[in-house]
Amino acid sequence: MTELLQQLVDGIGRGSIYALLALGIAVIFGVMHLVNFAHGELITVSAYVSYALFTLGLDWWALVPAILVSSMLTALGIEFAAFRWVRNSSDFTMVLTSFGVHFVVQALFIMGVSANRRTFARPSWLFETVSVGGVNLEIYDLAVIGFTLVTLAGTVWLVRRTMFGMTLRAAAEDFEAARLMGVRSNRVIRGAFVLSGILAGVASVFWLMRTGQADPTAGLTPMLKGVLAALIGGLGSLGGAVLGGLALGLVEVLLISRLPDGLVGLTDGMVFVCIALLFVFRPQGMVTIRRAERV
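So, here is what we can say about the structure in this document. Quick caveat, the model's predicted, so the values are computed rather than measured.

### With respect to helix H10 (residues 238-258)
Right, on to step 1. For H10, built from 21 residues, the straight-helix expectation of 30 Å at 1.5 Å per residue is met to within 8% by its first-to-last C-alpha distance of 30 Å.
Right, on to step 2. Among all positions in H10, only Gly240, Ala241, Val242, Gly244, Gly245, Leu248, Gly249, Glu252, Val253 and Leu255 are buried.
Right, on to step 3. Where H10 is buried, its residues contact helix H1 (2-32), helix H5 (139-161), helix H9 (220-233) and helix H11 (267-281).
Right, on to step 4. Measuring from the side-chain oxygen of the N-cap residue of H10 to the backbone nitrogen of Gly240 gives 2.9 Å; that N-cap residue is Ser237.

As structure tokens, this is what we get:
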């Protein structure tokens, strides 16, 4: 029982990072109907910012706000440089644009910095544990869960209680109708990218604390996890993104702990099988999105 509780906390901690990534992807999808495969570049840029600041002698106390700001500015830059110009194009064109951004950013770091992996120091408290009722819990997992809860609460308040949140929900429901009612498309899309950048920034902080690495593909794995979590939860659903991220994290941890040592390397494959089965029996994801239909 104690082991199971520890695994549940580990799974929720891992899933919390996935939930933040999926939430950022769901925000952009809700407004632009775009699965943003360039979302991982926010983590890639944050990783190199972290490495650069560590070489200057700064520690994690200065690094956290720098990561948040760099992630937000990168999201704004990607929107301005790429997505603004294809906003009225087909969904296929926008998806290709997101892939293009991914490969361009990767190529820029390879040519401008290096293809080699750079490492930087991780926090000293990362693997420290506290005992709660006989269960040894990592401080890292507790910090991830705590900050994720605060971030999600802030996001809910922003979406439900502010004018920006009202325009964001209106645009997600029916963008053309929202524009006719006076919603400024540039402002709401820019705000959506800022929000997704902040969410990715919080996820980046904890992802980079764990990995302590910067390379041109640093954001690829978290991007894939975020997209999978958003698909599991139901694309366009903010609550579904959170549920999908937590479900993905729990499944990964439970599979790693339950599979024989010789099969642990098949964890990702087993996860994809589970996701495939979910899409067979519930293709809309865990949460069904209901939209108003114009007649």
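### Brief notes about the layout of surface pockets
Right, on to step 1. The space that makes up the largest pocket amounts to roughly 660 Å³.
Right, on to step 2. Arg14, Tyr18, Trp207, Arg210 and Thr211 are, among the 26 residues lining the largest pocket, the residues nearest its centre.
Right, on to step 3. If you list the elements that add at least two residues to the lining of the largest pocket, you get H1, H5, helix H8 (185-211), H9, H10 and H11.
Right, on to step 4. By residue number, the principal contributor to the lining of the largest pocket is H1, which donates six residues.
Right, on to step 5. When the residues that make up the lining of the largest pocket are grouped by side-chain class, the tally is eight nonpolar, eight polar and ten charged.

### Overview of the pattern of salt bridges
Right, on to step 1. Per the counting criterion, the structure on display carries six salt bridges.
Right, on to step 2. The partner of Arg14 in a salt bridge is Glu252, with the nearest N and O atoms 3.0 Å apart. With a gap of 238 residues between them, Arg14 in helix H1 and Glu252 in helix H10 connect regions that are remote in the sequence.
Right, on to step 3. Arg14 sits in the partly exposed class, given a relative accessible area of 32%.

### Observations concerning the packing of aromatic side chains
Right, on to step 1. Under the definition given, this model contains nine aromatic pairs.
Right, on to step 2. When the ring of Tyr48 is compared with that of Phe109, the centres are 4.2 Å apart and the planes differ by 10°; the resulting orientation is stacked. Within this pair, whereas Tyr48 is found in helix H2 (residues 41-55), its partner Phe109 is found in helix H4 (residues 91-112), the two being separated by 61 residues in sequence.
Right, on to step 3. Since its relative accessible area comes to 7%, Tyr48 is described here as buried.
Right, on to step 4. Judged by its relative accessible area of 16%, Phe109 falls in the buried class.
Right, on to step 5. Look at Phe54 and Trp60: their rings are 5.8 Å apart centre to centre, the planes differ by 70°, and that puts the pair in the edge-to-face class.

About the thresholds
- Here the residue numbers are simple positions, counted from 1 along each chain's written sequence.
- Thresholds applied to this predicted model are a pLDDT of at least 70 for local features of residues and 80 or more for the giving and counting of side-chain atom pairs; totals over whole chains, interfaces and linings are not thresholded and use all residues.
- Side-chain measures here rest on the full set of heavy atoms in the structure, leaving out hydrogens and waters.
- Only runs of H or I of at least four residues qualify as helices and only runs of E of at least two qualify as strands under DSSP, and these elements are numbered from the N terminus.
- The length a helix should cover is 1.5 Å for every residue beyond the first.
- Think of it in three bands: residues with accessible area under 20% of the maximum for their type are buried, residues over 50% are exposed, and the middle band is partly exposed, with areas taken using a 1.4 Å probe on protein chains only.
- Residue contacts are counted whenever heavy atoms from the two residues lie within 4.5 Å of one another.
- Pairs of N or O atoms within 3.5 Å make up the polar contacts considered here, provided that, within protein, one atom can donate a hydrogen while the other can accept it, and that residues adjacent in sequence are counted only when both atoms are side-chain atoms.
- A cavity, in this analysis, means grid points on a 1 Å lattice covering only the protein atoms where a 1.4 Å probe fits yet has no way out; a pocket is instead an open set bounded by protein on both sides within 12 Å along at least five of seven lines, and a residue lines either one if it has an atom within 4 Å of a point.
- Grid points are joined across faces, edges and corners, and a volume is the space filled by probe spheres set on the points.
- For this scheme, ten residues count as nonpolar: Ala, Val, Leu, Ile, Met, Phe, Trp, Tyr, Cys and Pro. Four count as charged, namely Asp, Glu, Lys and Arg, and the remainder, Gly too, count as polar.
- Counted as salt bridges are all cases of a side-chain nitrogen of Lys or Arg within 4 Å of a carboxyl oxygen of Asp or Glu.
- Side-chain rings of Phe, Tyr and Trp, where Trp is taken by its six-membered ring, are said to pair if the distance between their centres is within 6.5 Å; with planes under 30 degrees apart they count as stacked, over 60 as edge-to-face, and otherwise as tilted.

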